[in-house]
Amino acid sequence: MGKVLPEYLSNWTTEKVRREGVNVMPNAVVKSVSVCGNRLMIKLKDGRKVETDHIVAAVGLEPNVELAKSAGLEVDSDFGGFRVNAELQARSNIWVAGDAACFYDIKLGRRRVEHHDHAVVSGRLAGENMTGAAKPYWHQSMFWSDLGPNVGYEAIGLVDSSLPTVGVFAKATAKDTPKSATEQSGTGIRSESETEAEASEVHISPSFSPTPQVPKQGEDYGKGVIFYLRDKVVVGIVLWNIFNRMPIARKIIKDGEEHDDLNEVAKLFNIHEE
């Protein structure tokens, strides 16, 4: 969470899951894991031990690039993966898609993405380009996560907590939950329902509202929009307990414009809808 969410929201989320009975151990490094009877014993680098029944390892991945040696393919030194152009082509007659592709995003620069949505769309485009389509990969993939039945988020673009962020929040209602979103979409995998949709037009009314302020620690973040900025342009968006609005977020990033008032931009997501 700390790498994605701004610090105030990451801290709030950590405290929320702690109140729900989760033992959060930040800055812990696993030294070893062993079987002790019918249970598992985790030894941490600082000497602490954790005994448990099951382990779920969710640590990301590193692409297997062994093929690069025999095939003469270029590996990206910054992001890992096979370095490809905007058409996902690594070299003549070789295309790469999914997690293994370090591609050139025509809006956000060079990236490597580990999203289900990205794997689906980039795989299809690579296949089309193998037949001569020569289409650039412009798609902004999304990903999502639920932190229990009452809190969930959807994200798109460069959502890096090291970037400047602006958050606009409102009071949540009973329908602003992951459970409600799942019922409305008819699927438990929200990236399947919001993969390629994009709003045809985004119109922001002029306003003289003040610049949004960073929420204070301890506030209740019912629902909201977090904008990630680079050179004053929105390059990433997190929709916090706001669902089925990804086409609007995708259009904002694709347009790549500066916005004087992000409060007005947040209204596009019907943030104040009862």
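Residues numbered from 1 in each chain as written. Predicted model: local features only at pLDDT ≥ 70, side-chain atom pairs only at ≥ 80, totals over all residues. Heavy atoms only, no water.

### Re the overall build of the protein
Link 1 in the chain: Helix and strand content of the protein: 7 helices and 13 strands.
Link 2 in the chain: Within the protein, the fraction of its 274 residues that count as buried is 42%.
Link 3 in the chain: Summed over its atoms, the accessible surface of the protein is roughly 15,300 Å², and 50% of this surface lies on carbon and sulfur atoms. (Helix = DSSP H or I, 4+ residues; strand = E, 2+ residues; numbered from the N terminus. Buried < 20%, exposed > 50% of the residue type's maximum accessible area, 1.4 Å probe, protein only. Areas by Shrake-Rupley, 256 points an atom, 1.4 Å probe, with all protein chains shown as cover.)

### Considering the environment of Leu163
Link 1 in the chain: By the element assignment, Leu163 lies in the loop between strand 10 (152-157) and strand 11 (165-170).
Link 2 in the chain: Between the alpha carbons of Leu163 and Val4 there is a distance of 9.7 Å; along the sequence they are 159 residues apart.
Link 3 in the chain: Ignoring anything within four residues of it in the chain, the contact list for Leu163 reads Leu158, Tyr228, Leu229 and Val235. (Contact = heavy atoms within 4.5 Å.)

### With respect to unusual backbone geometry
Link 1 in the chain: Phi at Leu88 is positive, roughly 70°, even though this residue is not glycine.
Link 2 in the chain: With respect to the secondary-structure elements, Leu88 resides in the loop between strand 4 (82-83) and strand 5 (89-91).
Link 3 in the chain: Positioned with a positive phi, Lys232 is a non-glycine residue whose angle comes to about 70°.
Link 4 in the chain: Relative to the assigned elements, Lys232 resides in the loop between strand 12 (223-230) and strand 13 (233-240).
Link 5 in the chain: With a relative accessible area of 63%, Lys232 lands in the exposed category.

### Quick look at the sheet that holds strand 8 (residues 109-112)
Link 1 in the chain: Taking strand neighbours across the sheet as the criterion, the 3 strands line up as 4-7-8 in an open arrangement whose pairing is mixed. Each edge of the sheet is formed by a strand with only one pairing partner; in this case those strands are strand 4 and strand 8.
Link 2 in the chain: Both strand 7 (residues 101-105) and strand 8 contribute to a ladder of 4 bridges, which runs antiparallel. Along strand 8, the bridge assignment pairs Phe103 with Arg111. (Pairing = 2+ DSSP bridges.)

### Some points on the pattern of salt bridges
Link 1 in the chain: According to the stated counting rule, one finds 14 salt bridges in the structure shown.
Link 2 in the chain: Between Asp46 and Arg48 there is a salt bridge, with the nearest N and O atoms lying 2.8 Å from each other.
Link 3 in the chain: The closest approach of N and O atoms between Asp105 and Arg111, which form a salt bridge, is 3.1 Å. Note on accessibility: Asp105 and Arg111 belong to one class, buried. (Salt bridge = Lys/Arg side-chain N within 4 Å of Asp/Glu carboxyl O.)

### Topic: the packing of aromatic side chains
Link 1 in the chain: For the coordinates displayed, the defined rule picks out 8 aromatic pairs.
Link 2 in the chain: Summarising the aromatic geometry, the rings of Phe103 and Tyr137 are spaced 5.1 Å apart at their centres and angled 85° between planes, so their arrangement reads as edge-to-face. In this pair, Phe103 sits in strand 7 while Tyr137 sits in the loop between helix 3 (116-130) and strand 9 (142-146), placing the two residues 34 residues apart along the sequence. In this structure, Phe103 and Tyr137 share a single accessibility class: buried.
Link 3 in the chain: Between Phe143 and Tyr153, the ring centres sit 6.2 Å apart and the planes meet at 85°, which makes this aromatic pair edge-to-face. Here Phe143 is found in strand 9, whereas its partner Tyr153 is found in strand 10, with 10 residues between them in sequence.
Link 4 in the chain: By relative accessible area, which is 3% here, Tyr153 ends up buried.
Link 5 in the chain: Just above the ring of Trp138 sits the side chain of Lys254; from NZ or CZ to the centre is 5.0 Å. (Phe/Tyr/Trp six-rings, centres within 6.5 Å; stacked < 30°, edge-to-face > 60°. Lys NZ or Arg CZ within 6 Å of the ring centre and 35° of its normal.)

### Let's talk about the pairing of strand 12
Link 1 in the chain: For strand 12, a buried count of 7 out of 8 residues is recorded, marking the element as mostly surrounded by other parts of the structure.
Link 2 in the chain: Bridge count for strand 11 against strand 12 is 6 bridges, and the pairing is antiparallel. The residue bridging Phe169 from the neighbouring strand is Gly224, located in strand 12.
Link 3 in the chain: Pairing analysis gives 7 bridges linking strand 12 to strand 13, with the strands arranged antiparallel. Looking at the pairing, Leu229 lines up with Val234 of strand 13.
Link 4 in the chain: Taking the residues that link successive antiparallel strands as the turn, the strand 12-strand 13 hairpin has 2 residues, and the phi of Asp231 there is positive, at about 55°.

### Looking at helix 6 (residues 246-255)
Link 1 in the chain: Within helix 6, 7 of the 10 residues are buried, which leaves the element mostly enclosed by the surrounding structure.
Link 2 in the chain: All of the buried residues in helix 6 are Met246, Ile248, Ala249, Arg250, Lys251, Ile252 and Ile253.
Link 3 in the chain: Against helix 3, strand 9, strand 10, strand 13 and helix 7 (262-267) lie the buried residues of helix 6.
Link 4 in the chain: Just downstream of helix 6 lies Gly256, where phi reads positive at about 60°.

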